[in-house]
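Coordinate analysis (summary)
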Amino acid sequence: MSKKRNLSYRSFIFLGIFLTFVCITGKAQEDSLSAKQPNYLGSYLRNGVALIKSPGGWSKEDWFQFGGSMAIVGALIPMDNVLNIPFENWNSGGADKFGEVGDAIGGPKVQISITGLALGAGFISGNKKLQHFGLDNLQAQLFTGGITFLVKELFQRARPETGLDNYAWNGPFKGGGNYSFFSGHTSLAFSTATMVFLHSDRKWWVGLLSYSIATGVAVSRMQQQKHWSSDVVAGAIVGTVVSGFVYRMQEKRRTTKRSDLKILP
């Protein structure tokens, strides 16, 4: 077995350990919250700690969901080269334009702009629903972005565009721009899509639209040869579960007695 393949398997084992701390439901942490909740700024520390600690309280169902997610990503990694062939050859003018649009929509500028517009409109109009969406989405984006950055640095996987195969994992903090695993554009797009869906009171058509756009971003990253199939699936999983976690924690905070020292709603 090649050195690269050995490294990829070791990296995937480390990934399993790491995703234990990010693919969460947060149920145990939510149940153990005290009656007095922190203000919004204080919730960053509270929710960040809860995000890390929550696997200790996972139920069998939570572990089953986590195991299923890991199995999907693990099964895709050996197939990445084959699954990449149609995307590698999908390079017409229309396909390139699609890739560019997806790159823009999933990028930090557009994603943060969505949050900024919601916050601006919410505070100017006094619309609490928009305010809550913007504040929740900002926290979810920051958590998701932080996790994405750490994982990219930890695994240093080569992108398809480099011409290297799907087992080119360079190991922790090597530098060189090998940031394929996992897709940051996809994780941010699914994080926002999840928050939009949840704040719409789970309207099916909103979910269909928001997740379709996020899926388009994932496909565009493969078209541009920036990511393998396992990269975008892992990004989608992390973005979705982190956003769902933040939403539940913030809803708990909003419906529980708060501190008198309010900084933000």
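Everything numeric in this text was worked out from a predicted model, so none of it was measured.

Attention shifts here to the packing of aromatic side chains. Within the structure shown, the criterion is met by 11 aromatic pairs. Members of the aromatic cluster, joined through ring pairs, are Phe155, Trp169, Phe181 and Phe182.

Roughly 330 Å³ of volume is contained in the largest pocket. Lining the largest pocket we find 19 residues, and of these Pro108, Thr148, Lys152, Gly184 and Leu188 sit closest to its centre. When contributions to the lining of the largest pocket are tallied by element, the ones reaching two or more residues are helix 7 (108-125), helix 8 (128-155) and helix 9 (184-199). Of the residues in the lining of the largest pocket, the class split is six nonpolar, nine polar and four charged.

Glancing now at a nonpolar patch on the surface. Taken together, Val101, Ile105, Val110, Ile114, Leu209 and Ile213 make up a surface patch of nonpolar side chains, about 430 Å² in accessible area. When contributions to the nonpolar patch are tallied by element, the ones reaching two or more residues are helix 6 (93-106), helix 7 and helix 10 (204-223). Residue classification places Ile114 among the partly exposed residues on the basis of a relative accessible area of 31%.

In this section: the pattern of salt bridges. Within this structure, the stated rule accounts for seven salt bridges. Put simply, Arg157 and Asp231 hold a salt bridge, and the shortest N to O gap is 2.9 Å. Highlighted residues: Arg157 in the loop between helix 8 and helix 9 and Asp231 in helix 11 (residues 229-254), separated in sequence by 74 residues. Exposure class is identical for Arg157 and Asp231. Each is buried. When salt bridges that share partners are traced, they join Asp80, Arg157 and Asp231 into one network.

Analysis parameters
Residues numbered from 1 in each chain as written. Predicted model: local features only at pLDDT ≥ 70, side-chain atom pairs only at ≥ 80, totals over all residues. Heavy atoms only, no water. Phe/Tyr/Trp six-rings, centres within 6.5 Å; stacked < 30°, edge-to-face > 60°. 1 Å grid on protein atoms, 1.4 Å probe; cavity = no way out; pocket = protein on both sides within 12 Å on 5 of 7 lines; lining within 4 Å. Points joined across faces, edges and corners; volume = space filled by probe spheres on them. Helix = DSSP H or I, 4+ residues; strand = E, 2+ residues; numbered from the N terminus. Nonpolar A, V, L, I, M, F, W, Y, C, P; charged D, E, K, R; others polar. Patch = residues over 30% accessible without salt bridge, like charges linked within 9 Å, V, L, I, M, F, W, Y side chains within 5 Å. Areas by Shrake-Rupley, 256 points an atom, 1.4 Å probe, with all protein chains shown as cover. Salt bridge = Lys/Arg side-chain N within 4 Å of Asp/Glu carboxyl O. Buried < 20%, exposed > 50% of the residue type's maximum accessible area, 1.4 Å probe, protein only.

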